[in-house]
Amino acid sequence: MEKIIEENKQGTSLVLDKKEGNTKKLFIESYGCQMNFSDSEIVASILVNQGYNTTQDLEEADLVLVNTCSIRDKAEQTIRKRLEKYNAVKKINPNMKVGVLGCMAERLKDKFLEEEKIVDMVVGPDAYKDIPNLLKDVEDGRDAINVILSKEETYGDIAPVRLNSNGVTAFVSITRGCDNMCTFCVVPFTRGRERSREPQSILDEIQDLWNKGFKEVTLLGQNVDSYLWYGGGLKKDFVKATEMQKATAVDFAQLLDLCATQFPKMRFRFSTSNPQDMHVEVIEVMAKHHNICKYIHLPVQSGSTRILKEMNRQHTREEYMTLIDTIKRIIPDISLSQDMITGFPTETEEDHLDTLSLMEYVKYDFGFMFAYSERPGTMAARKMEDDVADEVKKRRLTEIVDLQQVHALEKTQRFVGQTVEVLVEKDSKRSNEHWSGRNSQNTVVVFPKENYNPGDFVKVKITDCTAATLMGEAVGYSEIMQA
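Caption draft 1: Broad picture of the overall build of the chain. When you go through the chain residue by residue, the secondary structure sums to 15 helices and 22 strands. For 483 residues, the compact-globule formula gives about 23 Å, and the C-alpha radius of gyration of the chain, at 23 Å, lands near that figure. In terms of overall dimensions, the chain has a C-alpha envelope of 65 × 55 × 55 Å along the principal axes. In the chain, the proportion of contacts linking residues at least 24 apart, taken out of those at least 6 apart, comes to 73%. In the form shown here, the chain has an accessible surface area of approximately 19700 Å², with 50% of it arising from carbon and sulfur atoms. With 63 positive and 76 negative side-chain charges, the chain shows a spacing of 1 Å between the two charge centroids.

Written out as structure tokens, the structure is:
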């Protein structure tokens, strides 16, 4: 649940420039969090070298891949509907091969081959390099499945193609897996134990993006603050590291500092953070560098310490509030967002009121809010009864969403009259005469195009706002960031 699900991106089919000589056609679409979309870029990079170009025409595809999410039941039901669609197309094009990738593949494993007769191949998140071998198995009429979770795989040696890219912003994965074992979450079971990627490979990928004209990178992981490189291996095995490994280890604060220092004209974000691992050193590095965005996604899940304990979150309400105080003291203009689950097993009205009061205390800029959905295989599903009635979940969720809307408007209103730095990303949805970009605090800003271009850092004077968007007029380039 620590993963941001951007609803407008769900089911996006990916496209990259055609490689001369490639004759096979790949249709690949992604569901779920940013990690899944980033993983699809890795898969496409592997398949380009196997003779595939991408297509957005499902009917002409030789290979159809769907990168799946298991975070909520709704996500899995969406995938099953897509498989029905593929099945209909496969009747017309029987040579078409279909593969399921990602978290749902990891959770259901060979059940996919048994239940979804349409599926030819099942590939877990750590097995993408094995896809060429699995395709050979399919051609030879064998079941093709690899859902083995790795202790080492970080895909640090694969330079991902950038799919559906605006050419301005990109994601760079720095960790894989998660050790936190929150009782509601399937991620440790579908993505394995936590391990970090070698720092130089991260810097090399960022350098390549800079050379190609990208201006903003989001460092990505299930839990980025927990990043720790000590020569390879699982995070949990750091206790067994040699004294030399411990002395030369690189943590997230150091990595973030390296990125911002080495690429002073590139902007950096990161996602997702876990309160237990958000150390003061990270906050101080953010305050030190202009090019590290003043925005933290800091999932809390509940405002009730009792429920947090049931969720196996490693923080209390009070510890979270103290962390918020520290962040706001060091970075007064910070923007904060949350994940919130309502209706977790045993949640009482008092627990719910604790959540609302925590929201009042923090006043988040954005939020990702869900009613609890029991996920098979999690500790909560095995040990706890889903005992909060659906109508109660819906009512509590509505109250949380409504309060977040109030806070969101309050937070955007603070920018009216200010001049903010915006990275131009794309045309505004409102009008072809306006650009859309984001300020450091991750709020969307819309302004007339004039002579500015995507990739420019522009100073915009804010004149109006909604709960989600700022409107204004450009007043010039940002001298500090314009390369």
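Caption draft 2: Structural context of the environment of Tyr 452. Within the secondary structure, Tyr 452 is located in the loop between strand E20 (444-448) and strand E21 (457-465). Along the primary structure Tyr 452 and Pro 188 are separated by 264 residues, whereas in three dimensions their C-alpha atoms are 44 Å apart. Sequence-distant contacts of Tyr 452, defined by excluding residues within four places in its chain, comprise Trp 435, Phe 447, Val 458, Ala 474, Val 475, Gly 476 and Tyr 477. At a separation of 3.3 Å, a polar atom in the side chain of Tyr 452 contacts the main-chain amide nitrogen of Gly 476.

Caption draft 3: Region of interest: the nonpolar core. Counting residues in hydrophobic clusters, the biggest one holds 50 residues, and the most contacted among them are Ile 206, Leu 219, Phe 252 and Phe 270. Here the element with the most residues in this core is helix H9 (residues 252-262); it accounts for six residues. Every residue in contact with Ile 206, bar those within four places of it in the chain, is listed here: Val 172, Val 217, Leu 219, Cys 259, Phe 263, Met 266 and Phe 268. By size, the runner-up hydrophobic cluster in this structure holds 21 residues, among which are Ala 61, Val 64, Ile 79 and Leu 108.

Caption draft 4: Summary view of the pairing of strand E8 (residues 169-173). Burial analysis of E8 places four of its five residues in the buried class, the great majority of the element. One ladder, built from five bridges, connects E8 with strand E11 (residues 216-220); its direction is parallel. The partner of Ala 170 across the bridge, within E11, is Val 217.

Caption draft 5: Seen up close, the pattern of salt bridges. Within this structure, the stated rule accounts for 23 salt bridges. Measuring nitrogen to oxygen at the nearest pair gives 2.8 Å for the salt bridge that ties Asp 120 to Lys 90. Highlighted residues: Asp 120 in the loop between helix H4 (111-115) and strand E6 (121-123) and Lys 90 in helix H2 (residues 73-92), separated in sequence by 30 residues. Salt-bridge contacts for Asp 351 lead to Arg 306; the nearest nitrogen and oxygen are separated by 2.6 Å. A residue pair is termed long-range when its members are at least 10 positions apart, and Asp 351 in helix H13 (residues 349-362) and Arg 306 in helix H11 (residues 305-310) qualify at 45 residues. A single salt-bridge network, built from bridges that share partners, covers Glu 216, Arg 267, Arg 269, Glu 425 and Arg 438.

Caption draft 6: Spatial organisation of the sheet that holds strand E14 (residues 267-271). Ordered by their spatial adjacency, three strands build an open sheet running E8-E11-E14, and the pairing between neighbours is parallel. The two strands at the open ends of the sheet, each matched to only one other strand, are E8 and E14. Averaged over all neighbouring strand pairs, the angle between strand axes comes to 25°, with direction disregarded. Most of the contacts of helix H7 (residues 199-211) go to E8, to which it runs at about 165°, and overall it touches E8, E11 and E14.

Caption draft 7: Representation of the sheet that holds strand E17 (residues 366-371) in the model. Taking strand neighbours across the sheet as the criterion, the three strands line up as E15-E16-E17 in an open arrangement whose pairing is parallel. Strand pairing shows two members of the sheet lacking a second neighbour, strand E15 (295-297) and E17, which therefore form its edges. Looking at each pair of strands side by side, their axes are set apart by 10° on average, direction ignored. As defined by bridge partners, E15 adjoins strand E16 (residues 335-342) across three bridges and the pair is classed as parallel. Looking at the pairing, Ile 296 lines up with Leu 336 of E16.

Caption draft 8: Geometry of the pairing of strand E2 (residues 24-30). Across the seven residues that make up E2, a large majority, five, are buried. In this fold, E2 hands off to helix H1 (residues 34-48), which returns the chain to strand E3 (residues 52-54); that crossover is right-handed. When E2 meets strand E4 (residues 63-68), the two strands line up parallel, connected through five bridges. Pairing of Glu 29 across the sheet is with Val 66, part of E4.

Caption draft 9: Geometry of the state of the cysteines. The tally for this structure, following the rule as stated, stands at zero disulfides. With no disulfide of its own, Cys 178 lies closest to Cys 182 among cysteine sulfurs, the gap being 6.4 Å. The buried category is assigned to Cys 178, whose relative accessible area is 8%. In this model Cys 259 remains outside any disulfide bridge; the closest cysteine sulfur is found in Cys 293, 13 Å from its own.

Caption draft 10: Summary view of the side chain of Asp 351. By relative accessible area, which is 5% here, Asp 351 ends up buried. Residues within four places of Asp 351 in sequence aside, it is in contact with Ser 304, Arg 306, Ile 307 and Thr 346.

Thresholds, definitions, all that
- Residues numbered from 1 in each chain as written.
- Predicted model: local features only at pLDDT ≥ 70, side-chain atom pairs only at ≥ 80, totals over all residues.
- Heavy atoms only, no water.
- Helix = DSSP H or I, 4+ residues; strand = E, 2+ residues; numbered from the N terminus.
- Rg over C-alpha atoms; globule rule 2.2 N^0.38 Å.
- Contact = heavy atoms within 4.5 Å.
- Areas by Shrake-Rupley, 256 points an atom, 1.4 Å probe, with all protein chains shown as cover.
- Lys, Arg positive; Asp, Glu negative; His and termini not counted.
- Charge placed at Lys NZ, Arg CZ, Asp CG, Glu CD.
- Polar contact = N/O pair within 3.5 Å; in protein donor to acceptor, adjacent residues only side chain to side chain.
- Core = buried A, V, L, I, M, F, W, Y, C linked by side-chain atoms within 4.5 Å.
- Buried < 20%, exposed > 50% of the residue type's maximum accessible area, 1.4 Å probe, protein only.
- Pairing = 2+ DSSP bridges.
- Salt bridge = Lys/Arg side-chain N within 4 Å of Asp/Glu carboxyl O.
- Axes fitted to C-alpha atoms, helices over the stretch in contact; angles between N-to-C directions.
- Right-handed = clockwise from strand over helix to strand, strands pointing away.
- Disulfide = S-S within 2.5 Å.

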